[in-house]
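# Summary of the model geometry
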Amino acid sequence: MPTVQHVRQHDDDEPLTMLTAYDAPTASIVDDAGVDVILVGDSVGNANLGYDTTLPVTVDEIASATGAVARATDEALVVADMPFLSFGADQSESVRNCGRMLKEEDADAVKLECGPHTVELTERLTDLGIPVMAHLGLTPQHVNQLGGFFRQGTDQDAAERILELARRHEDAGAFSLVLEHVPANVAADVTDALDVPTIGIGAGPDTDGQVLVITDVLGLSERSPPFSRQFGDVKSEMENAVGDYVEAVESGEFPADEHSHVEEDVDSLY
Ligand code: KIV
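The structure reproduced in this document is the subject of the present report. Bear in mind the structure is a predicted one, so any value in this text is a computation, not a measurement.

Attention now goes to the overall build of the protein chain. Tallying secondary structure elements over the protein chain gives 11 helices and eight strands in all. In terms of its C-alpha atoms, the protein chain occupies a principal-axis envelope of roughly 80 × 40 × 35 Å. Sorting the 270 residues of the protein chain into buried and exposed places 47% on the buried side. Taking all contacts inside the protein chain whose residues are at least 6 apart in sequence as the whole, residues at least 24 apart take part in 58%. For the protein chain, the computed accessible surface area is about 14400 Å², with 48% contributed by carbon and sulfur atoms. Looking at the protein chain, you have 14 positive and 52 negative side-chain charges, and the mean spots of the two groups are 12 Å apart.

This part takes up the state of the cysteines. A complete count under the given rule lists zero disulfides for this structure. Cysteine Cys98 remains unbridged, with the sulfur of Cys114 as its closest cysteine sulfur at 10 Å. For Cys98, a relative accessible area of 0% corresponds to the buried category.

On to the pairing of strand β5 (residues 132-137). Burial runs high along β5: six of the six residues are buried. Burial along β5 is two-sided: Val132, Ala134 and Leu136 facing one way and Met133, His135 and Gly137 facing the other are all buried. Here strand β4 (residues 109-113) runs beside β5; their pairing, made up of four bridges, is parallel. Each residue of the ladder has a partner; that of Leu112, found in β5, is Ala134. Bridge analysis of β5 against strand β6 (residues 176-180) gives five bridges, and the strand direction is parallel. In the strand pairing of β6, Ala134 is matched with Leu177.

Each value, and the rule that gives it
Residues numbered from 1 in each chain as written. Predicted model: local features only at pLDDT ≥ 70, side-chain atom pairs only at ≥ 80, totals over all residues. Heavy atoms only, no water. Helix = DSSP H or I, 4+ residues; strand = E, 2+ residues; numbered from the N terminus. Buried < 20%, exposed > 50% of the residue type's maximum accessible area, 1.4 Å probe, protein only. Contact = heavy atoms within 4.5 Å. Areas by Shrake-Rupley, 256 points an atom, 1.4 Å probe, with all protein chains shown as cover. Lys, Arg positive; Asp, Glu negative; His and termini not counted. Charge placed at Lys NZ, Arg CZ, Asp CG, Glu CD. Disulfide = S-S within 2.5 Å. Pairing = 2+ DSSP bridges.

Function cannot be read off these values alone, since they describe shape.
Set out below in structure tokens:
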């Protein structure tokens, strides 16, 4: 069973695997498949809740999803992704929101979309026993500031800022670092510079692990980013099952005798 310490000390040849999940049945499948880390991503906003961005996702929504995922997970490390403005504005409120994920929802750690404002918070949370997975590169909660979901770290200064922030978060106690949508060579350099593992998404093959959004993997997303890959076609399976159900009800084929019960002791009621 991977712990935060196992992930922090990861130095295997085999990359770490991380996938998102937002509900119990999906978490159970992901866990049984042997994924190391399940991220209860704020991507639930786009993936499952019908929002255009992750910004509207609430602490209650992440808490509810985290509880469901944790109850269905036996082996994987469960990481709760802290939503927009649930951290960073006020230190005490940030600590309470993050602590709630461990105390009430049984998460093992939290993930923070990072910047200079999260260095001190990472140290405080780590001191309090709340392990932090940092996230740099494209941080979708900054979409309005960035002007879109663009690749980050594409010039020397920007790449150096990512590396500097990565080092500062490692020093502050982060046990791992997600690198999203950055050039593969930048991700490789950051990976070389850190002791803690990096987990990439759209960051090339040289990070210590990979993460994808589960709906992209399953073929359930309306749109997926160019760096993602669809590994299955669950949408077609669902369309077939739902279509078959409608047809069976409309034709009278369902429910059949084996789905029904007649109580002999009850006479006609009128
Ligand atoms: O919310 C999420 O799913 C994420 C991953 C893309 C890393 O932050």
